[in-house]
Each structure stands twice: as structure tokens, then as C-alpha cells.
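# Summary of structural features
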Amino acid sequence: MMRQPPGMWLPLRALPLLTLLALMGAAAAVPSPAAPSPGAAAPSNAAPSNAAPSPAPAASPARRPAAAAAFYGGTFARMPSAAQLSALGRALFFETALSASARLACASCHDPAHAFGPPDGRAVVQGGRSGRESGLRAVPSLMYGASVPQFSEHFVDDDGDDSIDQGPTGGRTWDGRAATTHEQARLPLFSDFEMANASAEALAARLRGAPIAGPLRAAFGAATFDDPARLVQAVELALETFQEEPAVFAPYRSKYDAWLRHEVRLSAAEERGLAIFNDPSRGNCARCHPSAMQHGAFPQFTDHGFAALGVPRNAAVPANADPRHVDLGLCGPLRTDLAGVRRYCGLFRTPTLRNVAVRNVFFHNGRFHRLDEVLRFYAARDTQPARWYPTGADGIVRVYDDLPAMYRGNLDRAPPFGGRAGDKGAFGESEVRDLLAFLATLTDENFTRALKNPPNPPN
Ligand code: HEC
Ligand code: HEC
């Protein structure tokens, strides 16, 4: 397991200012696909036969950087180009001055070498003012985040039968409580568990003294530093633009994407794994993690919906030492607007499975550390409950031990779940091996490179 002090991921911070500015200039010179002119339509979606190296997902123009700039429009003395913003955002992503402890950067938790997910095997990462406050949830991947739709409680697919309400969909974080990317941008900066800034003033004061102050002034105008609220917006806009950089966050450069483009073949094991993944009577994974092209757009491996899987309670989350603490996802306690809506208790947002093979921890509470164990849990949650849930002194297995009994009607029970203790599971060990082989085809190529080096400037 890689265990690195947060300080490991500071290559850009360590760069002298001139290098940083040059880097920004270099990035600005690149014709960036992230810089459509305002009002431009979203790039057209590539068909499977299209050999274009970077097909675009079905992303609405509202989530493109230009729209982000429009959202913040008129706020700043000058508005940097999308490429400049992205380079600045990249530097900020590695900037420890963003945190109250001055020890944490975004990258300390969202490790570029692990799909911008957890850097090591810890279920939750420590942060906060002291740098030792524990978070409540596993760090999600930031890959393909720009294609997560805005949160909606009643999602109606605009291309299927439009009378079907698919229920809660989208939003960022495990419970979708950051309805939009703009809201999301604020969360980590001021969360008690993460960057823990007490106020915009406190953050502005720290940034004034950091090496990043120069590039920030150069990008947005010196006056930006006079108004802490505006400075925070500048930081958010830059971070947001960086996270929508297709070359880094949505490259569509996995073996599976190449297969969809008819450029490569899958191995026999990978092909079997895909068949199990899609088979409604075995993996049935595609029910929530769609694997097929949709209207010419490459699959996200999530329908962005919410489901209650009954993931076992994780004693490694410090908050769980208190039996009264229960993370119910959509119905709270972190999310508050749907508190008390019983049918939503225990539901978490379905994450993308792209790059899942480079993650160290799985599910909202980081209960699993190995992908093969996750697969076995899916196959045998209900048929071998003693394997996942604790057994009481009375010999009775405390099934679904992280979801109070009153909410268990919300559990998903369709395949691969279902069956009774002692029945045959939805699939066996050879299927687990094939599924693992298939899931590994979802790892982006530039990520495999990032495993060796932190990301280079976009090129
Ligand atoms: C101490 C660790 C930590 C730090 C530092 C941190 N994050 Fe996070 N981040 C998390 C956790 C944990 C979640 C999930 C929170 C939840 O579900 O309630 C998260 C969620 C997110 C999400 C939502 C992803 C999704 O779609 O679910 C984004 C985007 C994000 N963080 C970006 C950032 C940025 C940008 C920074 C730096 C300003 C940052 N984070 C700093 C731990 C961290
Ligand atoms: C009913 C919808 C549903 C089905 C079916 C489903 N998943 Fe999931 N999947 C989810 C949800 C929701 C989560 C997050 C649950 C949580 O954290 O509590 C998840 C999480 C995961 C994760 C952890 C990812 C991470 O970043 O932590 C993996 C791996 C995964 N699913 C793989 C699969 C595979 C493989 C199958 C088929 C065997 C499958 N899923 C079937 C909804 C589903």
C-alpha cells in the first residue's frame, strides 16, 4: 500500500514562479478542447466507428468551462482564457496554502496516481484544521466528473419514455448534495474535514503570502486580492476549469474505449467479463453502471442514479465508534434537504467504474480494499451474509448492519443481489476473475502513465 505524506504531491508548488507562468503560457498556446467560445454547442458525440482520439461524452454546454466562466462573469477585473484558468487550477490543485493546516492540497486526498481518488488504503483521509480530523467518507474519483448531471429529485430521461420518473439522479459527492459544480467547488475549501478554512478572509490571507499569489494576480487582476469573496471565486473558477480539462479528467483512452472504436480486440477473459457484467441473470452490473454507447456517446459506467446496496458498516471510519452515527446518504445527516424522506435512506450515488482498478478503497465508507472482494460481495451479499456482516453472541448474523431495520425496504434486491443464505450466489470465482479482467480495461492510458509521474501540463 502506498503511504505518502500529503506533502509528496507538491511538484507544482515547488516550481519557481517563472516556471509556473511559463507553464501557464505553454498551456495557453495549446488549442484546448476545453475552451469553446461562449454559446458554442457541446462537441458532437463520437460514434463507435469514429477514430477520433478523444470522443466527447454527452455533456451539456452548461457544464463546459465557458459556461463556468459565464457563471462567474462580471465578477473579475479581467477574465483569463480557459487555458490560463486550467493551468492556474492545476497549480491550485497541488497548493497546500488552500488548507487551514497549510498541509493539505486537493491532491493529498484526490491523488492523480489513483484516478484522483484516495492516495492509500485508508478508508477516510484525515484533514481539517489540525490535519487530524477524520472525514466520514471515502474520497471519490474526480474522473469524468464533468458529465455528472445536476442533482434532480425526479429525473426524466429525455430520450426514453419521458413519463418515467427515474428518481433522484446526479449531483456531486456520494449523496449528490452539491447540486452543481459551482456548489461543489466551495465544499472542500470550507468543510471542517477537508481544507477547513474558517472564512474567505482567512483563506485570502494565506493565499496572499503563497507563491500562487503572483499567478492569481496576473490572471485576474491585482484588485482581486482586495476582496476575499472575489478571490475565493477566482480560486473556485480555476479549480473548476481544471477539473473539466478533458485531456486529464475525461480522456476516453481506456482499452475499452479503443475497443468501442474498433481499434483493438478484447482478450477472451475480458470479453467473458463484459458478458457477465451485462448479463441480467449474472452480474447485471450494467443495470446501474451502463456499458453501452448511448446515442453516440461513450458510456460513463454510471447512470448517476442512487441505490441502497447495504454495504457493511466500516469500523475503520472513526465516526462509526459512536453507534448512533449512521451515514444514510441521500436522507442525511450530511445532506439535509431530504432529511426525513424515508424512502431515500441508505441510498448513495452510483459512481463511475472508469479507472476503478486503480482505486484503493471502495464504496462510500471505504469498507472494501480489493476489487475482487467487492465483486464477491455483489455475488453473495444475500447468499453468504456471514461473510460480510458480524455475527452476534447469539449466533445470529446482523445483516445490513449499517442500515437501521426501518429502512431495509429500500435495499436493492434484484440480481446480482437476492436469494437466501445458503443458495448459490449470482456468480462464482471464475466469473470474478473474468470481471476483474474486464474492469481493468476501463483504466485510461494516461493514467497508467500518471502512476509513474504526477500529471504533466496538458499537451
Ligand atoms: C481531506 C481530504 C480531501 C481534500 C483535502 C479534498 N477533498 Fe474533495 N472530497 C473528499 C471526500 C471525502 C469527498 C466526498 C464527500 C462526500 O461524499 O460527502 C470529496 C468530494 C469531492 C468532489 C465531488 C466528487 C463527486 O462527484 O462525488 C469534488 C469535485 C472534490 N471533492 C474536489 C476537491 C477539490 C477541488 C479539493 C481542493 C480544493 C478537494 N476536493 C479537497 C476529500 C477531500
Ligand atoms: C442497483 C444498482 C447497482 C448495481 C446492479 C451494481 N452497482 Fe456497483 N454501485 C452502485 C452504487 C449505488 C454504488 C455505491 C454504493 C455505496 O457506496 O454505498 C456502487 C459501487 C460500486 C463499486 C465501488 C466503486 C468506488 O468507486 O468505490 C464497484 C467496484 C462497483 N459498484 C461494481 C459493480 C459491479 C461489478 C456490479 C455487477 C456485479 C455492480 N457494481 C452492480 C450501484 C450498483
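Residues numbered from 1 in each chain as written. Chains lettered and ligands numbered in written order. Predicted model: local features only at pLDDT ≥ 70, side-chain atom pairs only at ≥ 80, totals over all residues.

## Looking at the overall build of the protein chain
- Tallying secondary structure elements over the protein chain gives 14 helices and four strands in all.
- Per-residue burial for the protein chain yields a buried fraction of 48% across its 459 residues.
- By sequence separation, contacts in the protein chain at least 24 residues apart represent 72% of the contacts at least 6 residues apart. (Helix = DSSP H or I, 4+ residues; strand = E, 2+ residues; numbered from the N terminus. Buried ≥ 20, exposed ≤ 12 C-beta atoms within 10 Å, placed from the backbone. Contact = placed C-beta atoms within 7 Å.)

## Some remarks on the environment of Ala 77
- Along the chain, the position of Ala 77 falls in the loop between helix H2 (65-71) and helix H3 (82-93).
- Through-space distance from the C-alpha of Ala 77 to that of Gly 221 is 5.8 Å; in sequence the pair is 144 residues apart.
- Ignoring sequence-local partners within four residues, the contact set of Ala 77 consists of Phe 220, Gly 221, Ala 223 and Thr 224.

## Comments concerning the packing of H3 against helix H7 (residues 213-220)
- Between H3 and H7, the shortest axis-to-axis distance is 11 Å and the interhelical angle comes to 160°. Overall, the two elements H3 and H7 adopt an arrangement that is roughly antiparallel. Remark: the crossing between H3 and H7 carries left-handed chirality. Taking contact as the criterion, the partners of Gln 84, Leu 88 and Ala 91 in H3 are, on H7, Pro 215, Leu 216 and Ala 219. (Axes fitted to C-alpha atoms, helices over the stretch in contact; angles between N-to-C directions. Parallel < 35°, antiparallel > 145°, perpendicular 65-115°, else oblique. Left-handed = near helix turned anticlockwise from the far one by under 90°.)

## Here we look at the confidence of the model for the protein chain
- Predicted confidence across the protein chain gives a mean pLDDT of 82, with 78% of residues reaching 70 or more.
- Segment residues 450-459: pLDDT under 50, and 21 contacts once partners within four positions in sequence are set aside and those in other chains are kept. (pLDDT = per-residue confidence, 0-100.)

## Details of the environment of Asp 279
- Assignment of secondary structure puts Asp 279 in the loop between helix H11 (268-278) and strand S3 (306-307).
- A count of 17 C-beta atoms within 10 Å places Asp 279 in the partly exposed class.
- It is 9.7 Å that separates the C-alpha atoms of Asp 279 and Pro 415, two residues lying 136 residues apart in sequence.

## With respect to helix H13 (residues 429-440)
- Over its twelve residues, H13 runs 17 Å from end to end, which matches the ideal 16 Å to within 8%, given 1.5 Å per residue.
- Elements that come into contact with the buried residues of H13 comprise H11 and helix H12 (371-380). (Expected span 1.5 Å × (residues − 1).)

## Looking at the site of ligand 2
- Taken together, 25 residues sit near ligand 2, with Cys 285, Cys 288, Phe 348, Phe 363 and His 364 positioned nearest.
- Counting residues per element, the shell around ligand 2 draws most heavily on H12, at four residues. (Near = placed C-beta within 6 Å.)

## What to know about unusual backbone geometry
- In this model, Gly 332 is joined to Pro 333 through a cis peptide bond whose omega is 5°.
- Positionally, Pro 333 belongs in the loop between S3 and strand S4 (348-349).
- At the junction of Pro 415 and Pro 416, the peptide bond is cis and its omega measures out at 15° in the coordinates.
- Relative to the elements of secondary structure, Pro 416 occurs in the loop between H12 and H13.
- The phi torsion at Phe 116 lies on the positive side, around 55°, for a residue other than glycine.
- Within the secondary structure, Phe 116 is located in the loop between helix H4 (106-109) and strand S1 (126-127).

## Considering H12
- Counted residue by residue, H12 has seven buried out of ten residues, so it is predominantly covered.
- Among the residues of H12, those classed as buried are Val 374, Leu 375, Arg 376, Phe 377, Tyr 378, Ala 379 and Ala 380.

## Concerning the nonpolar core
- Core analysis: the largest hydrophobic core is formed by 80 residues, its most contacted members being Leu 88, Leu 92, Phe 93, Ala 234 and Ala 238.
- Each of domain 1 (6-42 + 58-152 + 180-251) and domain 2 (252-443) accounts for three or more of the residues forming this core.
- Sequence-distant contacts of Ala 238, defined by excluding residues within four places in its chain, comprise Leu 85, Leu 88, Gly 89 and Leu 92.
- Counting residues in each nonpolar core, the second largest holds 17 residues, with Ala 308, Val 311, Leu 328 and Cys 345 among its members. (Core = buried A, V, L, I, M, F, W, Y, C linked by C-beta atoms within 7 Å. Domains from an automatic or database assignment.)

## Notes on the packing of helix H5 (residues 181-190) against helix H8 (residues 228-243)
- It is at 10 Å that the axes of H5 and H8 come closest, and there the two elements cross at 115°. Compared by their axis directions, H5 and H8 come out roughly perpendicular. Helix-helix and strand crossings are classified by hand; for H5 and H8 the assignment is right-handed. Residues Thr 181, Ala 185, Arg 186 and Leu 189 of H5 pack against Val 232, Glu 236, Leu 239 and Glu 240 of H8.

## Concerning the environment of Gly 340
- Of note, Gly 340 is situated in the loop between S3 and S4.
- Looking at Gly 340, the number of C-beta atoms within 10 Å reads 9, which means it is exposed.
- For the pair Gly 340 and Leu 330, spaced ten residues apart in sequence, the C-alpha to C-alpha distance is 10.0 Å.

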